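# Notes for the structure review
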Amino acid sequence: MFRRSIYKTPTQLRAMVEPGLITAAALDAIRPLIRAGVKTLELDAAANRAILERGAESNFQLVRGYHHTICVSVNEQVVHGIPSDRVLQPGDIVSVDCGAQFQGWNGDSAITVVIPDPSRADLVAQREELSRVTEGSMWAGIATMATASHLGDVGAAIQDYIEAQGSSAVTGEPYGILREYVGHGIGRKMHEAPSVFNYRTPDPGAEVRPGLVVAIEPMVTAGGEMTFVEDDDWTVSTIDGTDGSHWEHSVAVHDGGIWVLTAPDGGAEGLAPFGVTPVPVA
Ligand code: MG
Ligand code: MG
């Protein structure tokens, strides 16, 4: 059977720049709307407008059985939450995942935002720390792409980063890393081979070399790693009820280096603490 190579040509990598930027623009449109009193369906509508305005389409709507532009996961929900009439509350920790397809190529990215709540400063601080650890682990994984020989190095870097951040203030235990949900290759389809684990595995994984494009997306909890799927058949929530955070970027490896396709600066700011300078896809 013919199998398409997981490695893209330089022309294909160039085609992935625009859908990455459109995905970033959609999340930029949502970010200021993540505040108390807003329904999660309003975030979905804003993302859809931003994508359509740019001549692209929502790739989440192309997933069988899914009818929205974003996933929005609040508090103990970690990923795959469905937009609804739910009204966001002060102090909520909100992860939003979004993607765009443009001229047949895909972008995929996620952010976490904590809504201010002056009356619960401790809770907000704990949730911000969870988001910071998760985002930092994503950048640690992305930075490793610049030097990794195989994708297993990326998972190890993500796990090492999280473990180095100490324990969750909620449980006194290390932060939890979801095991059953992982990052992935991205290209003509939003989800392609290979898998990108967020933890150490015995398998070295796919070779990291020019042409590889992957979505790196750690999913981290303030407690245990065990989750369940809610009755809506989508939403993934923690069994112990602790909070979740999800950060994601789509990253290209090319002849000149690495470039974060879903960040307008190519990841320069996030990678700086790791001493990695992204290089635009030429
Ligand atoms: Mg995603
Ligand atoms: Mg993804």
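Everything here concerns the structure above.
First, a word on what this report is: a plain description of the structure on this page. (Residues numbered from 1 in each chain as written. Chains lettered and ligands numbered in written order. Predicted model: local features only at pLDDT ≥ 70, side-chain atom pairs only at ≥ 80, totals over all residues. Heavy atoms only, no water.)

With that settled, the discussion passes to the sheet that holds strand S3 (residues 77-79). Read from one edge to the other, the open sheet built from three strands follows the order S3-S12-S11, with strand pairing classed as antiparallel. At either end of the open sheet lies a strand with only one pairing partner, and these are S3 and strand S11 (227-229). Adjacent strand axes in the sheet meet at a mean angle of 40°, parallel and antiparallel pairs treated alike. Here S11 pairs with strand S12 (residues 236-238) via three bridges, running antiparallel. Its bridge partner being in S12, Phe228 is matched across the sheet by Ser237. (Pairing = 2+ DSSP bridges. Helix = DSSP H or I, 4+ residues; strand = E, 2+ residues; numbered from the N terminus. Axes fitted to C-alpha atoms, helices over the stretch in contact; angles between N-to-C directions.)

Attention shifts here to the pairing of strand S2 (residues 70-74). For S2, the tally of buried residues reaches five of five residues, placing the bulk of the element in the interior. Side chains of S2 alternate between two faces, with Ile70, Val72 and Val74 and Cys71 and Ser73 buried alike. Relative to strand S4 (residues 93-102), S2 runs antiparallel, the two sharing five bridges. If you follow Ser73 over to S4, its bridge partner there is Ser95. (Buried < 20%, exposed > 50% of the residue type's maximum accessible area, 1.4 Å probe, protein only.)

So, about the coordination of the magnesium ion (ligand 1). Protein coordination of the magnesium ion (ligand 1) is provided by Asp97 (OD), Asp97 (OD), Asp108 (OD) and Glu248 (OE), with donor distances spanning 2.0 to 2.5 Å. Sequence positions of the residues that donate to the magnesium ion (ligand 1) give the spacing D-x10-D-x139-E. Between the magnesium ion (ligand 1) and the magnesium ion (ligand 2), a spacing of 3.2 Å is present, and a bridge between the two is formed by Asp108. Here Asp108 lies in strand S5 (residues 105-114) and Asp97 lies in strand S4, a separation of eleven residues in the sequence. Of the two residues, Asp97 and Asp108, both sit in the buried class. (Donors = N, O, S within 2.8 Å, 3.2 Å for Na, K, Ca; no water.)

Let's shift gears to the packing of aromatic side chains. Centre distance and the angle of the planes are the two values used to describe a pair of aromatic rings. Summed over all chains, the structure comprises four aromatic pairs. Judged by centre distance (6.5 Å) and plane angle (70°), the rings of Phe60 and Tyr66 are edge-to-face. Tyr66 matches Phe60 in its accessibility class, with the two residues each being buried. The lysine or arginine in question, Arg179, covers the ring of Tyr199, its NZ or CZ lying 4.4 Å from the ring centre. Lying across the ring of Tyr7, Arg209 places its NZ or CZ 3.7 Å from the centre. (Phe/Tyr/Trp six-rings, centres within 6.5 Å; stacked < 30°, edge-to-face > 60°. Lys NZ or Arg CZ within 6 Å of the ring centre and 35° of its normal.)

Take helix H3 (residues 40-53) next. With 14 residues, H3 should reach 20 Å at 1.5 Å per residue; the first-to-last C-alpha distance of 20 Å fits that figure. Those residues of H3 not exposed but buried are Thr40, Leu43, Asp44, Ala46, Ala47, Ala50 and Ile51. Viewed along the axis of H3, the buried residues span an arc of 165°, placing them on a single side of the element. Exposed positions of H3 whose direction lies more than 90 degrees from the buried face are Arg49 and Glu53. Residues of H3 that are buried make contact with helix H2 (17-30), strand S1 (57-58), S2 and S4. Two residues or fewer after H3 comes Gly55, characterised by a positive phi angle close to 75°. (Expected span 1.5 Å × (residues − 1). Arc of directions from axis to C-beta. Contact = heavy atoms within 4.5 Å.)

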